[in-house]
Amino acid sequence: MPRLAANLAYLFADRPPLDRFGAAAAAGFRAVELQYPYDQDPAAMRAAIDRHDLTMLGVNTAPLPGAPSGIAGVPGRESEFAALFERALALAVALGGRTIHCLAGVVPEGEREAGEATFVENLRHAADRAAAHGLTILIEPLNTVDRPGYLLTRAEQAAAILARVERANVRMQFDFYHQQIMGGDILRRFERHLPLIGHVQVAAVPSRAEPDEGEVHYGNVLAALDRLGYAGFVGCEYVPRGRTEDGLGWAAAWGIGSPVS
(Lines give C-alpha, C1' and ligand atoms only; values in the text may rest on other atoms or scores of the structure.)
Protein backbone atom coordinates (compact mmCIF):
# COMPACT_ATOMS: atom_id res chain seq x y z
CA MET A 1 0.00 0.00 0.00
CA PRO A 2 1.45 3.44 -0.90
CA ARG A 3 2.90 5.29 2.07
CA LEU A 4 1.85 8.93 2.12
CA ALA A 5 4.15 11.65 3.50
CA ALA A 6 3.09 15.16 4.52
CA ASN A 7 4.92 18.07 2.93
CA LEU A 8 4.93 20.50 5.85
CA ALA A 9 5.60 23.53 3.69
CA TYR A 10 2.01 23.14 2.44
CA LEU A 11 0.07 20.90 4.82
CA PHE A 12 -1.00 22.11 8.28
CA ALA A 13 0.30 25.56 7.31
CA ASP A 14 -2.20 27.25 9.66
CA ARG A 15 0.00 26.07 12.54
CA PRO A 16 3.46 27.25 13.62
CA PRO A 17 6.16 25.21 11.86
CA LEU A 18 7.12 23.14 14.91
CA ASP A 19 3.48 22.22 15.59
CA ARG A 20 3.03 20.76 12.11
CA PHE A 21 4.98 17.60 12.96
CA GLY A 22 2.50 16.63 15.66
CA ALA A 23 -0.46 17.53 13.48
CA ALA A 24 0.85 15.32 10.69
CA ALA A 25 1.39 12.41 13.06
CA ALA A 26 -2.07 12.81 14.57
CA ALA A 27 -3.56 12.68 11.08
CA GLY A 28 -1.88 9.35 10.42
CA PHE A 29 1.20 10.41 8.46
CA ARG A 30 4.30 8.45 9.38
CA ALA A 31 6.71 10.53 7.30
CA VAL A 32 7.25 14.20 6.51
CA GLU A 33 9.19 16.26 4.01
CA LEU A 34 10.19 19.90 4.22
CA GLN A 35 11.28 22.52 1.73
CA TYR A 36 13.22 25.44 3.18
CA PRO A 37 13.13 25.16 7.00
CA TYR A 38 16.30 27.20 7.36
CA ASP A 39 14.71 29.71 9.72
CA GLN A 40 13.90 27.01 12.30
CA ASP A 41 16.08 25.53 15.01
CA PRO A 42 17.34 22.14 13.75
CA ALA A 43 17.50 20.69 17.27
CA ALA A 44 13.88 21.65 17.96
CA MET A 45 12.76 20.15 14.65
CA ARG A 46 14.68 16.94 15.30
CA ALA A 47 13.10 16.70 18.75
CA ALA A 48 9.62 17.03 17.21
CA ILE A 49 10.42 14.42 14.55
CA ASP A 50 11.65 11.98 17.19
CA ARG A 51 8.84 12.72 19.65
CA HIS A 52 6.20 11.85 17.07
CA ASP A 53 8.13 8.87 15.67
CA LEU A 54 8.22 10.32 12.14
CA THR A 55 10.46 9.41 9.24
CA MET A 56 12.18 12.55 7.98
CA LEU A 57 12.55 12.46 4.21
CA GLY A 58 14.25 15.54 2.81
CA VAL A 59 14.87 19.24 2.34
CA ASN A 60 15.58 21.50 -0.62
CA THR A 61 18.64 23.59 -1.22
CA ALA A 62 17.77 27.11 -0.13
CA PRO A 63 16.63 29.81 -2.55
CA LEU A 64 18.56 33.06 -2.80
CA PRO A 65 17.41 36.64 -3.34
CA GLY A 66 16.81 36.96 -7.06
CA ALA A 67 17.11 33.19 -7.50
CA PRO A 68 14.04 31.60 -5.87
CA SER A 69 14.38 28.54 -8.12
CA GLY A 70 17.92 27.72 -7.05
CA ILE A 71 21.29 27.93 -8.80
CA ALA A 72 22.59 24.36 -9.22
CA GLY A 73 22.46 24.69 -13.00
CA VAL A 74 23.36 28.37 -13.32
CA PRO A 75 26.78 28.88 -14.95
CA GLY A 76 29.17 31.06 -12.99
CA ARG A 77 27.56 30.42 -9.59
CA GLU A 78 29.26 27.15 -8.76
CA SER A 79 30.95 28.38 -5.58
CA GLU A 80 27.66 29.80 -4.31
CA PHE A 81 25.95 26.49 -4.97
CA ALA A 82 28.68 24.61 -3.11
CA ALA A 83 28.03 26.78 -0.05
CA LEU A 84 24.26 26.34 -0.35
CA PHE A 85 24.67 22.61 -0.63
CA GLU A 86 26.88 22.40 2.46
CA ARG A 87 24.18 24.24 4.39
CA ALA A 88 21.53 21.82 3.13
CA LEU A 89 23.73 18.84 3.92
CA ALA A 90 24.31 19.99 7.49
CA LEU A 91 20.57 20.52 7.97
CA ALA A 92 19.59 17.17 6.47
CA VAL A 93 22.10 15.36 8.67
CA ALA A 94 20.91 17.22 11.77
CA LEU A 95 17.29 16.27 11.05
CA GLY A 96 18.05 12.64 10.26
CA GLY A 97 16.89 13.17 6.68
CA ARG A 98 17.39 10.95 3.68
CA THR A 99 17.45 13.28 0.67
CA ILE A 100 18.38 16.74 -0.59
CA HIS A 101 16.59 18.19 -3.60
CA CYS A 102 19.02 20.37 -5.56
CA LEU A 103 17.08 23.12 -7.32
CA ALA A 104 18.47 23.67 -10.81
CA GLY A 105 17.47 27.30 -11.31
CA VAL A 106 16.36 29.51 -14.18
CA VAL A 107 18.66 29.63 -17.20
CA PRO A 108 18.17 31.72 -20.38
CA GLU A 109 17.35 29.75 -23.52
CA GLY A 110 20.71 30.40 -25.14
CA GLU A 111 22.64 29.14 -22.11
CA ARG A 112 20.80 25.91 -21.45
CA GLU A 113 23.53 23.62 -22.80
CA ALA A 114 26.05 25.30 -20.51
CA GLY A 115 23.47 25.16 -17.72
CA GLU A 116 23.10 21.41 -18.06
CA ALA A 117 26.88 20.97 -18.00
CA THR A 118 27.06 23.09 -14.84
CA PHE A 119 24.23 21.09 -13.30
CA VAL A 120 25.98 17.80 -14.01
CA GLU A 121 29.24 18.93 -12.41
CA ASN A 122 27.51 20.40 -9.37
CA LEU A 123 25.49 17.21 -8.91
CA ARG A 124 28.63 15.06 -9.04
CA HIS A 125 30.21 17.14 -6.29
CA ALA A 126 27.01 17.12 -4.21
CA ALA A 127 26.59 13.36 -4.65
CA ASP A 128 30.10 12.65 -3.46
CA ARG A 129 29.61 14.82 -0.38
CA ALA A 130 26.20 13.28 0.36
CA ALA A 131 27.45 9.73 -0.05
CA ALA A 132 29.64 10.09 3.02
CA HIS A 133 26.44 10.57 5.04
CA GLY A 134 24.33 7.96 3.26
CA LEU A 135 22.14 10.62 1.65
CA THR A 136 20.52 10.70 -1.78
CA ILE A 137 20.44 13.73 -4.08
CA LEU A 138 17.17 14.40 -5.90
CA ILE A 139 16.55 16.40 -9.07
CA GLU A 140 12.99 17.34 -9.98
CA PRO A 141 11.64 18.44 -13.36
CA LEU A 142 9.28 21.39 -12.79
CA ASN A 143 6.61 22.73 -15.11
CA THR A 144 7.15 25.93 -17.06
CA VAL A 145 3.78 27.41 -16.06
CA ASP A 146 4.74 27.67 -12.40
CA ARG A 147 8.49 28.05 -13.03
CA PRO A 148 9.10 29.88 -16.32
CA GLY A 149 12.63 29.39 -17.60
CA TYR A 150 13.47 26.57 -15.19
CA LEU A 151 16.34 24.48 -16.51
CA LEU A 152 14.89 21.02 -15.78
CA THR A 153 11.34 20.49 -17.02
CA ARG A 154 10.69 16.91 -18.18
CA ALA A 155 11.37 13.44 -16.83
CA GLU A 156 13.14 12.55 -20.06
CA GLN A 157 15.58 15.42 -19.60
CA ALA A 158 16.17 14.39 -16.00
CA ALA A 159 16.97 10.84 -17.12
CA ALA A 160 19.56 12.17 -19.56
CA ILE A 161 21.11 14.32 -16.81
CA LEU A 162 21.32 11.32 -14.48
CA ALA A 163 23.08 9.30 -17.19
CA ARG A 164 25.74 12.01 -17.40
CA VAL A 165 26.15 12.40 -13.64
CA GLU A 166 26.93 8.70 -13.16
CA ARG A 167 26.32 8.62 -9.42
CA ALA A 168 24.10 5.94 -7.89
CA ASN A 169 22.91 8.29 -5.14
CA VAL A 170 21.46 10.86 -7.54
CA ARG A 171 17.84 10.12 -8.39
CA MET A 172 14.77 11.69 -9.98
CA GLN A 173 11.92 13.18 -7.98
CA PHE A 174 8.83 12.47 -10.09
CA ASP A 175 6.02 14.89 -9.27
CA PHE A 176 2.88 13.78 -11.10
CA TYR A 177 1.53 17.33 -10.95
CA HIS A 178 4.48 18.79 -12.85
CA GLN A 179 4.78 15.92 -15.33
CA GLN A 180 1.08 15.90 -16.19
CA ILE A 181 1.47 19.55 -17.20
CA MET A 182 4.71 18.79 -19.06
CA GLY A 183 3.56 16.13 -21.46
CA GLY A 184 0.94 13.95 -19.76
CA ASP A 185 0.98 10.17 -20.35
CA ILE A 186 2.18 10.06 -16.76
CA LEU A 187 1.80 6.39 -15.91
CA ARG A 188 3.73 5.14 -18.93
CA ARG A 189 6.40 7.77 -18.39
CA PHE A 190 6.62 6.90 -14.70
CA GLU A 191 7.02 3.21 -15.49
CA ARG A 192 9.69 3.94 -18.11
CA HIS A 193 11.76 5.93 -15.62
CA LEU A 194 11.00 3.92 -12.47
CA PRO A 195 14.56 2.56 -12.10
CA LEU A 196 15.76 6.18 -11.78
CA ILE A 197 13.04 7.48 -9.46
CA GLY A 198 13.88 8.14 -5.83
CA HIS A 199 10.75 9.96 -4.69
CA VAL A 200 7.21 10.73 -5.85
CA GLN A 201 4.90 13.68 -5.18
CA VAL A 202 1.23 14.35 -5.94
CA ALA A 203 -1.22 17.24 -6.29
CA ALA A 204 -4.33 17.96 -8.33
CA VAL A 205 -3.86 19.27 -11.86
CA PRO A 206 -4.21 22.13 -12.61
CA SER A 207 -5.29 23.54 -9.22
CA ARG A 208 -2.49 21.98 -7.11
CA ALA A 209 -5.12 21.35 -4.42
CA GLU A 210 -5.99 18.02 -2.82
CA PRO A 211 -5.49 15.20 -5.34
CA ASP A 212 -9.19 14.43 -5.56
CA GLU A 213 -10.09 16.76 -8.45
CA GLY A 214 -8.88 17.75 -11.89
CA GLU A 215 -7.18 15.86 -14.69
CA VAL A 216 -5.49 13.03 -12.78
CA HIS A 217 -7.31 10.11 -11.12
CA TYR A 218 -4.95 9.53 -8.22
CA GLY A 219 -6.72 6.40 -7.09
CA ASN A 220 -5.53 4.83 -10.33
CA VAL A 221 -2.08 6.38 -9.96
CA LEU A 222 -1.52 5.03 -6.46
CA ALA A 223 -2.81 1.61 -7.48
CA ALA A 224 -0.32 1.67 -10.36
CA LEU A 225 2.54 2.51 -7.99
CA ASP A 226 1.69 -0.65 -6.06
CA ARG A 227 1.42 -2.72 -9.22
CA LEU A 228 4.74 -1.45 -10.53
CA GLY A 229 6.54 -2.10 -7.27
CA TYR A 230 7.34 1.45 -6.20
CA ALA A 231 8.35 1.08 -2.54
CA GLY A 232 9.13 4.67 -1.55
CA PHE A 233 6.98 7.36 0.01
CA VAL A 234 4.48 9.53 -1.85
CA GLY A 235 4.86 13.17 -0.88
CA CYS A 236 1.62 15.12 -0.53
CA GLU A 237 2.85 18.44 -1.88
CA TYR A 238 -0.43 20.22 -2.48
CA VAL A 239 -2.12 23.44 -1.39
CA PRO A 240 -5.17 22.54 0.72
CA ARG A 241 -8.43 24.20 -0.22
CA GLY A 242 -9.04 24.93 3.47
CA ARG A 243 -7.81 23.40 6.71
CA THR A 244 -5.62 20.43 5.88
CA GLU A 245 -7.55 17.93 8.01
CA ASP A 246 -10.85 18.92 6.38
CA GLY A 247 -9.50 17.81 3.00
CA LEU A 248 -7.99 14.45 3.93
CA GLY A 249 -10.96 12.34 2.94
CA TRP A 250 -9.23 11.43 -0.32
CA ALA A 251 -6.46 9.71 1.68
CA ALA A 252 -8.63 7.61 4.01
CA ALA A 253 -8.04 4.46 1.97
CA TRP A 254 -4.31 4.84 2.70
CA GLY A 255 -4.65 5.26 6.46
CA ILE A 256 -4.70 9.06 6.61
CA GLY A 257 -7.31 11.36 8.05
CA SER A 258 -7.57 10.88 11.80
CA PRO A 259 -9.06 13.92 13.52
CA VAL A 260 -6.58 16.66 14.39
CA SER A 261 -7.29 19.14 17.17
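So, here's what we can say about the structure. Nothing here was measured: the structure is a model prediction, and the numbers come from that model. (Residues numbered from 1 in each chain as written. Predicted model: local features only at pLDDT ≥ 70, side-chain atom pairs only at ≥ 80, totals over all residues. Heavy atoms only, no water.)

**Description of the environment of Ala114**
- Mapped onto the elements of the fold, Ala114 is located in helix α4 (residues 112-131).
- The spatial distance from the C-alpha of Ala114 to the C-alpha of Ala27 is 45 Å, given a sequence separation of 87 residues. (Helix = DSSP H or I, 4+ residues; strand = E, 2+ residues; numbered from the N terminus.)

**Points about the packing of aromatic side chains**
- By the definition in use, this model includes eight aromatic pairs.
- Their ring planes at 80° and their centres at 5.4 Å tell us that Phe174 and Phe190 sit as a pair that is edge-to-face. In this pair, Phe174 is assigned in strand β7 (residues 170-175) and Phe190 in helix α7 (residues 186-193), connecting sequence segments 16 residues apart. Here Phe174 and Phe190 have matching classes, each one buried. (Phe/Tyr/Trp six-rings, centres within 6.5 Å; stacked < 30°, edge-to-face > 60°. Buried < 20%, exposed > 50% of the residue type's maximum accessible area, 1.4 Å probe, protein only.)

**Considering the side chain of Arg15**
- Mapped onto the secondary structure, Arg15 falls in the loop between β1 (3-7) and α1 (20-26).
- Assessed through its relative accessible area of 12%, Arg15 is described here as buried.
- A polar side-chain atom of Arg15 sits 3.1 Å from a polar atom in the side chain of Asp14. (Polar contact = N/O pair within 3.5 Å; in protein donor to acceptor, adjacent residues only side chain to side chain.)

**Remarks on the pairing of β7**
- With five of six residues buried, β7 is to be regarded as a mostly interior element.
- One ladder, built from three bridges, connects strand β6 (residues 136-139) with β7; its direction is parallel. Pairing of Leu138 across the sheet is with Arg171, part of β7.
- For β7 and strand β8 (residues 197-202), the ladder comprises four bridges, and the chain directions are parallel. Bridge assignment links Gln173 to a residue of β8, and that residue is His199. (Pairing = 2+ DSSP bridges.)

**Observations concerning the packing of helix α2 (residues 42-51) against helix α3 (residues 78-95)**
- For the pair α2 and α3, interaxial distance at closest approach is 9 Å and the crossing angle is 35°. Facing Pro42, Met45, Arg46 and Ile49 of α2, the residues of α3 in contact are Leu91, Val93, Ala94 and Leu95.
- Each residue belonging to the contact of α2 with α3 can be placed in one class, and the counts come to seven nonpolar, no polar and one charged. (Axes fitted to C-alpha atoms, helices over the stretch in contact; angles between N-to-C directions. Contact = heavy atoms within 4.5 Å. Nonpolar A, V, L, I, M, F, W, Y, C, P; charged D, E, K, R; others polar.)

**Comments concerning the pattern of salt bridges**
- Applying the stated rule across the entire model yields 18 salt bridges.
- Put simply, Asp14 and Arg243 hold a salt bridge, and the shortest N to O gap is 3.6 Å. Separated by 229 residues along the polypeptide, Asp14 in the loop between β1 and α1 and Arg243 in the segment after β9 (233-236) bring together distant segments of the chain.
- Residue classification places Asp14 among the partly exposed positions, given a relative accessible area of 48%.
- Measuring nitrogen to oxygen at the nearest pair gives 3.0 Å for the salt bridge that ties Asp212 to Arg241. Here Asp212, found in the loop between β8 and α8 (218-228), pairs with Arg241, found in the segment after β9; they are 29 residues apart in sequence, far enough to count as distant.
- Because the salt bridges share partners, they merge into one network encompassing Asp14, Arg15, Arg243 and Glu245. (Salt bridge = Lys/Arg side-chain N within 4 Å of Asp/Glu carboxyl O.)

**Some points on unusual backbone geometry**
- Each neighbour pair has its own omega, and for Val205 with Pro206 the value is 10°, a cis peptide bond.
- Along the chain, Pro206 falls in the loop between β8 and α8.
- Unusually for a residue other than glycine, Arg208 sits at a positive phi of about 60°.
- Examined against the element boundaries, Arg208 turns out to sit in the loop between β8 and α8.

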